[in-house]
Structures are given as C-alpha cells and as structure tokens.
Amino acid sequence: MTQSTAAHDEPTPLDVSIRSLGAQGDGVASLPDGSAVHVPYTLPGELVRLTQDKGGRWTLKEILTQSPDRVDPPCSLFGNCGGCTLQHMALPALLAWKSERVNAALKKAGFQTLPTAEQHQVKSHSRRRADLAIRRNGKDILLGLHARNSHAVVDLTECSVLHPTVVSALPAFRQVLRSLEGLRQAGDLHINLLESGMDVLLATDGPLSTGDRTRLAAFADSLSIPRISWRSVSSNAEPENVAQRGSVRHSFGSATVAPPAGAFLQATAESEAWIQESVIAALPKKLGKRDTLIELYAGCGTLSFPLASRARVLAYEGHAAAASCLQAATGGTRVTAECRDLNRRPIMGKTLNTATAVVLDPPHAGAKLQMTQIAAGKPKSVVYVSCNPAALAKDATVLFSAGYSLSSISVIDQFLWSAEVEAVCGFTHESSRRSRSGLSRSG
Ligand SMILES: C[S@@+](CC[C@H](N)C(=O)[O-])C[C@H]1O[C@@H](n2cnc3c(N)ncnc32)[C@H](O)[C@@H]1O
C-alpha cells in the first residue's frame, strides 16, 4: 500500500491492493489504519488507486494493475443497473469464488474436511424469472432494476441475464403500462416464464380502471400471455386475475402444476434440473416402500415430485396458494402435501425421526426453528438447499453440533454475475443409521 503524491488542491489518493471479495461481491482492501474498505467493481490481486470524497468515503479512481480474471462486461448497462455486480469477472473465476463462499460457510459451521463440490453455472440469457420495478418518467415508462444502492430505476433496454422471450417483450410492456390509469407513479412487474408462457403479476399504486382491464386483456391476447394478475403495491392480498386467455401450467418431474400468480420458481430451467438432481443424489442410495421423505418449504413442488420417484414424500409449504397448487397436483403420485407455517409450527423432532431423509429448501433467512427440531429428531439424512451462505453457516452449525457429517456439496451459480449462490448439501447421521439397523435386526 502506498500513499501517492497529488496535485495541489486534489485529495491525496491512496494505492491499495484488493485482498478478497466481500459478501456483496465488492473488492475488499485494508486502509492504513487497519480498517477495511469495500471497492465495487474491483477484483482480488488488483492494485487500485482510491480518492476520498468530501464525506470522507474512499472511491475508486483508477485500476493500476488488472487481475487476469478481469473481462469486458457484456452489457452496456453494467455499472448503472444494480442487477449485475460482477460482470467484470471471468465466469470460471466467478464460479470458483461462489464455491469458496459455500465452503467457507460450511467450515464456519464446523465441518473442516469437505467433499469436493460439484459445480454448475447457468448460461447467459437463461433466467426465466424477472422482478422489475416500474416508474413513470414524464411520458415515458422506466421498466427495469434499481440502480445500485438507490431507488432510481434503470430502464432495461438490454439484459445479458434474462431469457430473450422476456427481454423482447419489454417494449410492449412499457407501451401498455404507459396507458394504464391505475399506474400513477410506480409499480412492480413480476414475470415467470412457465411452460405455458409468461405468467405476469402486475402491482400498481392505483386501482385499475375498467379501461385498464380491457387494455390488459387485449395486451395478453396480442402477446399470447395466458394470465395477467394484479394487486395493489400497498396490499398483501392475494392477486386477482385481470386477464386469463389460457391455462397456466408447469411440470415438475411427472406432475403438472398450475402455479399461483407470482409463485416461487427456480431461476432457470437448467439450474432447476441441477438442484433436483443434486438433491436426489444426496439421498440414501437404498430406499424402499417403507421409506418416507419429509420435505420442508416445498413451494409448488419443484423437488416434491422428482423426490417421489424415490420414495413417499410428505411435503410442507407455508404459502397457502403454493400449498394448494401442490396439493392439487398430488393425485396419482406418492406426494402428500400440507399447508403449514414452519416458523410458527415447525415439524417436531419425533416426526422428523420417522423419515429416512429430510429435505429442506428454506427462504433466505434460513430455518432456525426447524433446525432445532432436526437436531432433536436426528433423521439419518438431511439434504439442505441453500440460497444464502450466511444462513447456511448458521443452520449447518446446528447439524454439526448434533453429530452430522457432510457427505456432498453441489454449488449452482444460477444468478449469473451477482453475488448470490445456490448450494445443495447432503448431511448424514451415522449413529441414527446404526440404531435403526440395530432395531430392524432385533425386530
Ligand atoms: C426457496 S423457496 C423453495 C421452494 C421450492 N423448494 C422450490 O424449489 O421451488 C422457499 C419456500 O419456502 C416457503 N416458506 C417461506 N416461509 C415459510 C414458512 N414460515 N413456513 C413454510 N414455508 C415457508 C416459501 O413460500 C417458498 O415456497
């Protein structure tokens, strides 16, 4: 680290080496006083020059020595749009960094010897789920993602992440949104690209007029959109259908489900398949008719129906509409589904103990209450699907303390060029396996 000289009235720049990437993907360096500084858009190993603004904040002025992992960002909106923070990093290096984050979380939990992780990375232009912000801007509509650390909306005139079907529809969306009386200043647009086509959930800051509903129905016809649903931005009520021109469907394993508006969907078709395969690969190899799998946080059945190819599945989901969707598709399958808020009423240890494996795919915050019950019940096998290394570290700590060993790791980079990472981790409890086989021998 060197302090360089500067012109007379310019702030004195500071040259620092980037030592790592932080959890948000920003470069991290040490300041002379030992404190850490986060420098967006830099990479480990780079020597960078910082200047201090009037508020005393260090910002990047110049990259003096570039990392060999630095590449030209593919999107012209990079740096403005808050969606991608790591387009300046080569994809193999990005995947290696994400794998290292998962490994670090598991080590923090106590597991020191880690199995080699399987690694997967989605392709660009493959994301089938979009959460976009809408703003009126004079006569124009801005439709896109928020700028970094800002409420300003960056108009998504191109995107290297989203599926082309979604990107190519955005100009038409802007046009219809411009015409809506119910859109005063701001709203949100959620698009799930399902097998039946784009499933659209619109939220606006005003009520839709009769004319709005007619315009949205005509828009759905013109783009062959099976369903457009609507809700107010300020309400938690279930969305209402404003245009339905066909059935909404999507298949998971051998089942076809009708997802509710705004349903959770894994980010890409490819990553969904890798998650399903990794979960199934992490199950005990031999499963028979008597084996039961308990699945927690099941959503609309992304994992439930593929899991049913191996054993009977008891699936629990807290969102009423998702649970109904799952229940409606269970006929003729080995899945039984129940709507249950697992934060208020976790599945208890003695029930979990009856399962050969517990599969859980909790939301971003993790599964604190459920983990306590898993540790109490000690099912032989636990398969944990994580979208947040910090929550994984906390939840896996409970498994480590309960005597589980770590048998498999799959890292899935399904949110390309962001700091997000998905992982499937298999855990096994040897002593519960021994006690069960002892029981069956004596019985
Ligand atoms: C990461 S998603 C996984 C869904 C599903 N496994 C999939 O792959 O599509 C997490 C799921 O947990 C559900 N969930 C969130 N909080 C919950 C709670 N307190 N009780 C039960 N389910 C909850 C959400 O509705 C969502 O379906």
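Residues numbered from 1 in each chain as written. Predicted model: local features only at pLDDT ≥ 70, side-chain atom pairs only at ≥ 80, totals over all residues. Heavy atoms only, no water.

The name given to the protein in an unreviewed UniProt entry is RNA methyltransferase, TrmA family, and the organism recorded there is Acetobacter senegalensis.

A. Spatial organisation of the packing of helix 1 (residues 91-109) against helix 9 (residues 389-401). Contact geometry of helix 1 with helix 9 gives a least axis separation of 7 Å together with a crossing angle of 35°. The crossing of helix 1 and helix 9 is right-handed. Two secondary-structure elements touch here, helix 1 through Arg-101, Val-102, Ala-105, Leu-106, Lys-108 and Ala-109 and helix 9 through Pro-389, Leu-392, Ala-393, Ala-396, Thr-397 and Phe-400. Across the contact of helix 1 with helix 9, the residue classes tally to nine nonpolar, one polar and two charged. (Axes fitted to C-alpha atoms, helices over the stretch in contact; angles between N-to-C directions. Helix = DSSP H or I, 4+ residues; strand = E, 2+ residues; numbered from the N terminus. Left-handed = near helix turned anticlockwise from the far one by under 90°. Contact = heavy atoms within 4.5 Å. Nonpolar A, V, L, I, M, F, W, Y, C, P; charged D, E, K, R; others polar.)

B. Summary view of the sheet that holds strand 15 (residues 240-244). One open sheet holds the seven strands; their spatial order is 11-10-9-12-13-14-15, and the pairing between them is mixed. Every interior strand has two partners, whereas the edge strands, strand 11 (153-155) and strand 15, have only one. Taken over all neighbouring pairs, the strand axes of this sheet differ in orientation by 35° on average, direction set aside. Pairing analysis gives seven bridges linking strand 9 (residues 129-137) to strand 12 (residues 186-194), with the strands arranged antiparallel. Each residue of the ladder has a partner; that of Ile-134, found in strand 12, is Gly-187. Contacts from helix 2 (residues 164-178) reach strand 9, strand 10 (140-146), strand 11, strand 12 and strand 13 (197-204) within the one sheet, and its direction differs from that of strand 10 by about 135°. Across the face of the sheet, helix 3 (residues 210-222) comes into contact with strand 13, strand 14 (227-232) and strand 15 while running at roughly 50° to strand 15. (Pairing = 2+ DSSP bridges.)

C. Spotlight on the nonpolar core. Core analysis: the biggest nonpolar cluster contains 86 residues, and Leu-143, Phe-173, Leu-189, Ile-228 and Val-279 have the highest contact counts within it. The dominant element in this core, judged by the number of residues it contributes, is helix 2, at seven residues. Shared between two domains, this core takes at least three residues from each, and those domains are domain 2 (91-123 + 265-442) and domain 3 (129-247). The residues touching Ile-228, leaving out its near neighbours within four places in the chain, are Val-200, Leu-216, Phe-219, Ala-220, Glu-240, Asn-241, Val-242 and Ala-243. Judged by nonpolar contacts, the second largest core, of 37 residues, contains Ala-355, Ala-367, Ala-402 and Val-411. (Core = buried A, V, L, I, M, F, W, Y, C linked by side-chain atoms within 4.5 Å. Buried < 20%, exposed > 50% of the residue type's maximum accessible area, 1.4 Å probe, protein only. Domains from an automatic or database assignment.)

D. Inspection of the pattern of salt bridges at higher detail. With the rule as written, the count across this model stands at 15 salt bridges. Note that Arg-57 and Asp-53 form a salt bridge whose closest N and O atoms lie 3.4 Å from each other. What makes Arg-57 exposed here is its relative accessible area of 54%. Owing to a relative accessible area of 32%, Asp-53 belongs among the partly exposed residues under this scheme. Lys-123 is the salt-bridge partner of Glu-270, the closest N and O atoms lying 3.1 Å from each other. With Glu-270 in helix 4 (residues 269-281) and Lys-123 in the loop between strand 8 (118-121) and strand 9, this residue pair connects regions lying 147 residues apart in the sequence. Under the relative-accessibility criterion, Lys-123 is labelled exposed at 54%. (Salt bridge = Lys/Arg side-chain N within 4 Å of Asp/Glu carboxyl O.)

E. Up close: unusual backbone geometry. You will see that Tyr-41, though not glycine, has its phi angle at about 65°, which is positive. Inspection of the secondary structure assignment puts Tyr-41 in the loop between strand 5 (36-39) and strand 6 (47-52). Taking relative accessible area as the criterion, Tyr-41 reaches 21% and is therefore assigned partly exposed. A positive phi angle, close to 65°, is found at Tyr-297, a residue other than glycine.

F. Representation of the sheet that holds strand 4 (residues 27-30). One open sheet holds the three strands; their spatial order is 3-4-5, and the pairing between them is antiparallel. With partners counted over all chains shown, the strands left at the sheet margins are strand 3 (20-21) and strand 5, one partner each. Inspection of the sheet shows strand 3 paired to strand 4 by two bridges, in the antiparallel sense. For Ser-20, the partnering residue across the bridge sits in strand 4 and is Val-28.

G. Region of interest: the domain arrangement of the protein. In terms of domain boundaries, the protein breaks down into domain 1 (2-65), domain 2 (91-123 + 265-442) and domain 3 (129-247). Computed from C-alpha atoms alone, the centre-to-centre distance between domain 2 and domain 3 is 33 Å. Contact residues are listed per partner, giving eight residues for domain 2 and seven residues for domain 3. Between domain 2 and domain 3, roughly 550 Å² of surface is buried when both sides are summed, and carbon and sulfur atoms account for 56% of that area. Summed over the three residues of domain 2 that lose the most area to domain 3, namely Leu-265, Ala-267 and Trp-417, the buried surface amounts to 66% of that side. At the boundary of domain 2 and domain 3, one finds zero salt bridges. Between domain 2 and domain 3 we count two residue pairs in polar contact (both at pLDDT 80 or more) in total. (Buried area = accessible area lost by both parts, 1.4 Å probe. Polar contact = N/O pair within 3.5 Å; in protein donor to acceptor, adjacent residues only side chain to side chain.)

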